[in-house]
Amino acid sequence: MTSIPAFRSILIKTGILVGLVGSASFGTQAKEGMWLPPTIKAREADMKAAGLQIPVERLYNDNGTGLNNAVVLFGRGCTGEIISPKGLLLTNHHCGYGTVQGLSSKEHDYFANGFWAMNNAQELPCPGLTVTFIRRMENVTENILSGLDDTLSEAGRDSIITVRVKNLERGYKVNTGYDASIKPYFNGNQYWISITETFRDIRLVGFPPNGIGQFGGDTDNWMWPRHTGDFSMFRVYAGKNNKPADFSKENKPYQTQQFFTINAGGYKEGDFTMVYGFPGTTMEYISSYQLDHINTYIDPIRIAARTKKLEAWTKRMQADRDVFLKYTSKRAGVANGWKKWQGELRGLSLNNVPAKKLEYETKFQGWANKDEKYPYADDLLALMGARSLAVNDLIKADEYYKEAVYGVELIQHAATLDRVLQLMRVGYRGAGLQDTVQKITKGAEGFYKNYDAGTDKDVFVALMPLFLDNCNSCVPAVYKRQFAEKGKDYGRWANYVYTSMLTEQSKLTQFAANVISADSVRILNDPAWQLYDGVTAKRKKDVMPVLTAYYDRMNYLNRLYMKSQMQQRGEMLYPDANLTLRLTYGKVKGIDPDGPAGYSYQTNLDEAIAKNNPEVDEFRVPEKMKQLHSTKDYGKWKVNGTVPLAFIADNHTSGGNSGSPVLNAKGELIGTNFDRIWEGTMSDVYFDPRLSRNISVDVRYTLFVIEKFGGAGWLLKEMKIVQK
Ligand code: ARG
Ligand code: GLU
């Protein structure tokens, strides 16, 4: 009935598949799943069997008394939890990192020294930071999809859906007095609305120095065993009537009865745990073809480009504290993905995931061929295969553009000049032109605050060979021309490119001061703008039209593929992560990734101290921590002569779950989630309970650091701490 694209049928026919795969399960694994809170009633029996001791209504309900009111979206991509009736918030150190960079300077170097407010008045306002509560969620699929034929094209469908979504959101806002946002789930087969409340006056309360909060740095990132006190604390402030307000001295700490009780009584291996938070993106139901794009192009290209970039940055950052302060937050983000994708590739290969996907698809196809009720399912895989294979080269090119070309800050920043050029082209003149250009250059202040042209030039010299050598036909002519003009010498080429007016803010300001429309020539002659334009124009002409059509078509096919997977599997599935509130559950559990030795489920302070290395930034334990350790000054937080530090469990988490509350069977806080183990990061496309683990800071270590290291014991008084 259906043609399976060539390479697959060969694998299947020759039986190679059978040898490659072990027992690939067709259904979900026991504890896999990021569940929508309003749907967990259907999982209550399973959760109770696994150990849950409270009614699921305590975790989530519609009338304001559920613990969902204590879990917040922190900033734009992390989770936080409320741990006191006065709006005290706990999240990760790395989630507060960017904000703290904005508050830091050489004089107030909070990365080196930490920050601890000793009373409310000392808490530091964090401009731009927001915290969003989810008051409730409702399934609005009927309202959004009713009457829409499944097979309607994406464009036709989208325009109707967009209108319905807007109208419904507006209605909810008026009726509830809250914000409301509707998102698609299950690739557009369901729609849910989140009723939210966003607070805008958020203040920094506590931030350990990097020697605790980022201990182990990139070396230990995504790894277990782990010894990072990856937490920081903020406070939500409210205006009149306890409602969100812009920053004001008059604002008061946000008052709430919904906060997490802290359980400092510990846990043991096998104990039930839950993680409540905002996982960002997963792709658990994709086809083998999309997986192949990740495996063959996307991850490897990103890794290669970032390896070069990080080498260049690190060298400069180590030599110069100013460069360190400018680049530390950017670097953490770039390095984080770089290492994650390496783990993902490793996990995919260790697990034979591509082969398992193929096996799954063979079964799916068998079902589709047999079942007459779902004729649209028959050709889905074949169609997805044909489309995906046809865009391989463009997927590759686009990844090079994004990582190796726009990865050079100067080239990416030339978008600023391009905007100016567009204004000139549409006829802006005189004062109108000058005003607008000055606004645009003023807007670039944020960029220059964290920019060092010398560092970036090293990145250019490192990335251009990667781009020119590997992307052949995708390299625009202007690159080849400039390179040839400079004698095919990357250093000389860089010297030329970095004469651009974009390298310093003062040059740009000067340009803006008396700009006239004839100055378009200066932009056209700017070497960095030329490189920006070369790639941007080529992308727009040769790449994006095809890729956009491809993604559009794949959205359509994936929607139907998801729908038929749901029909075929006939069990309760969870929707892929989309940065909305989810609950996942599992057990505290050690790991054995490489052999019989295995790793315990827990680490402690003694091990952290043993890793101390004054020579290496990432492993330098702060003096005060060494003292606390040598005098065993652990206060209430001493367990077996040390302090428990971090632990792992097999909860299904993803990026965005950073800072999430990790709860015991009673819904009490035992830790703060901050990472996954390396081999398990492929759980974003394939969860394997044998290898996937989330990593959390033990709340007792958090309390120990606050009280004994930070000397901020006053904060503990507003928390509710129980011991069992
Ligand atoms: N891997 C964690 C996450 O994905 C923590 C990253 C922050 N730490 C670091 N060393 N860059 O966000
Ligand atoms: N560190 C991640 C974050 O920032 C969480 C770890 C993960 O990806 O699971 O969300």
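This text follows the structure it describes.
Conventions adopted
- Residues numbered from 1 in each chain as written.
- Chains lettered and ligands numbered in written order.
- Predicted model: local features only at pLDDT ≥ 70, side-chain atom pairs only at ≥ 80, totals over all residues.
- Heavy atoms only, no water.
- Helix = DSSP H or I, 4+ residues; strand = E, 2+ residues; numbered from the N terminus.
- Buried < 20%, exposed > 50% of the residue type's maximum accessible area, 1.4 Å probe, protein only.
- Contact = heavy atoms within 4.5 Å.
- Areas by Shrake-Rupley, 256 points an atom, 1.4 Å probe, with all protein chains shown as cover.
- Axes fitted to C-alpha atoms, helices over the stretch in contact; angles between N-to-C directions.
- Parallel < 35°, antiparallel > 145°, perpendicular 65-115°, else oblique.
- Left-handed = near helix turned anticlockwise from the far one by under 90°.
- Nonpolar A, V, L, I, M, F, W, Y, C, P; charged D, E, K, R; others polar.
- Near = heavy atom within 4 Å.
- Polar contact = N/O pair within 3.5 Å; in protein donor to acceptor, adjacent residues only side chain to side chain.
- Phe/Tyr/Trp six-rings, centres within 6.5 Å; stacked < 30°, edge-to-face > 60°.
- Salt bridge = Lys/Arg side-chain N within 4 Å of Asp/Glu carboxyl O.
- Arc of directions from axis to C-beta.

### Considerations on the overall build of the protein chain
Item 1. Helix and strand counts for the protein chain come out as 28 helices and 20 strands.
Item 2. Once the C-alpha set of the protein chain is aligned to its principal axes, its extents read approximately 70 × 70 × 60 Å.
Item 3. Each of the 724 residues in the protein chain was classed as buried or not, and the buried ones make up 57%.
Item 4. Sequence separation of 24 or more characterises 79% of the internal contacts of the protein chain that already satisfy a separation of 6 or more.
Item 5. On the protein chain, roughly 29000 Å² of surface is accessible, and the fraction owed to carbon and sulfur atoms is 52%.

### Points about the packing of helix H11 (residues 288–319) against helix H20 (residues 453–470)
Item 1. Between H11 and H20, the least distance of the axes is 9 Å, while the angle of their chain directions is 155 degrees. In terms of their interaxial angle, H11 and H20 are classed as roughly antiparallel. In this structure, H11 meets H20 at a crossing whose hand is right-handed. For the pair H11 and H20, contact is made by Ala-304, Ala-305, Lys-308, Lys-309, Ala-312, Trp-313 and Arg-316 and by Gly-454, Thr-455, Asp-458, Val-459, Ala-462, Leu-463 and Leu-466, respectively.
Item 2. When the residues that make up the contact of H11 with H20 are grouped by side-chain class, the tally is eight nonpolar, two polar and four charged.

### Quick notes on the site of ligand 1
Item 1. Surveying the vicinity of ligand 1 reveals the residues His-94, Gly-217, Asp-218, Asn-221, Trp-222, Ala-332, Asn-336, Ser-658, Phe-674 and Asp-675.
Item 2. Within the side chain of His-94, an N or O atom sits 3.0 Å from an oxygen atom of ligand 1.
Item 3. Between Asp-218 and ligand 1, the recorded distance is 3.4 Å, taken from a side-chain N or O atom to a nitrogen atom.
Item 4. Protein contact buries 90% of the 340 Å² of open area that ligand 1 shows by itself.
Item 5. Taken together, the elements giving at least two residues each to the shell around ligand 1 come down to helix H10 (217–220), helix H12 (321–350) and strand S18 (669–676).

### Thoughts on the packing of aromatic side chains
Item 1. Within the structure shown, the criterion is met by 36 aromatic pairs.
Item 2. Taken together, a centroid distance of 4.3 Å and an interplanar angle of 40 degrees make the contact between Tyr-267 and Phe-647 tilted. Linking Tyr-267 in the loop between strand S12 (262–263) and strand S13 (272–277) with Phe-647 in strand S16 (residues 644–649), this pair joins segments that are 380 residues apart in sequence.
Item 3. When the ring of Phe-447 is compared with that of Tyr-448, the centres are 5.0 Å apart and the planes differ by 90 degrees; the resulting orientation is edge-to-face.
Item 4. Taken together, Tyr-401, Phe-460, Phe-467, Tyr-479, Phe-483, Tyr-490, Trp-493 and Tyr-498 form an aromatic cluster joined through their ring pairs.

### Let's talk about the site of ligand 2
Item 1. Every residue close to ligand 2 is listed here: His-94, Trp-222, Thr-653, Ser-654, Gly-655, Gly-656, Asn-657, Ser-658, Phe-674, Asp-675 and Arg-676.
Item 2. In the model, an oxygen atom of ligand 2 is placed 3.0 Å from a nitrogen or oxygen of the Gly-655 main chain.
Item 3. Coverage of ligand 2 by the protein amounts to 93% of the 290 Å² it exposes when considered alone.
Item 4. When residues in the shell around ligand 2 are grouped by element, the largest group, three residues, is from S18.

### Here's the deal with the pattern of salt bridges
Item 1. Counting across every chain of the model gives 38 salt bridges.
Item 2. For Arg-235, the salt bridge goes to Glu-718, with nearest N and O atoms at 2.8 Å. Of this pair, Arg-235 sits in strand S10 (residues 232–238) while Glu-718 sits in the loop between helix H28 (699–709) and strand S20 (721–722), placing them 483 residues apart in sequence. A single burial state applies to Arg-235 and to Glu-718, both of which are buried.
Item 3. In this structure, the salt-bridge partner of Asp-698 is Arg-700, at a minimum N-O distance of 2.8 Å. The exposure classification of Asp-698 matches that of Arg-700, with both residues buried.
Item 4. Each of Lys-41, Glu-44, Lys-48 and Glu-57 takes part in salt bridges that share partners, so that together they form one network.

### Overview of helix H22 (residues 490–497)
Item 1. Burial in H22 covers these residues: Tyr-490, Trp-493, Ala-494 and Val-497. Angular distribution of buried residues about the axis of H22 spans 100 degrees; they occupy a single face of the element.
Item 2. In this fold, the buried residues of H22 make contact with helix H16 (409–413), H20, helix H21 (477–485) and helix H25 (527–569).
Item 3. You can read the cap of H22 off the contacts: a side-chain oxygen lies 2.8 Å from the backbone nitrogen of Gly-491, and it is on Asp-489.

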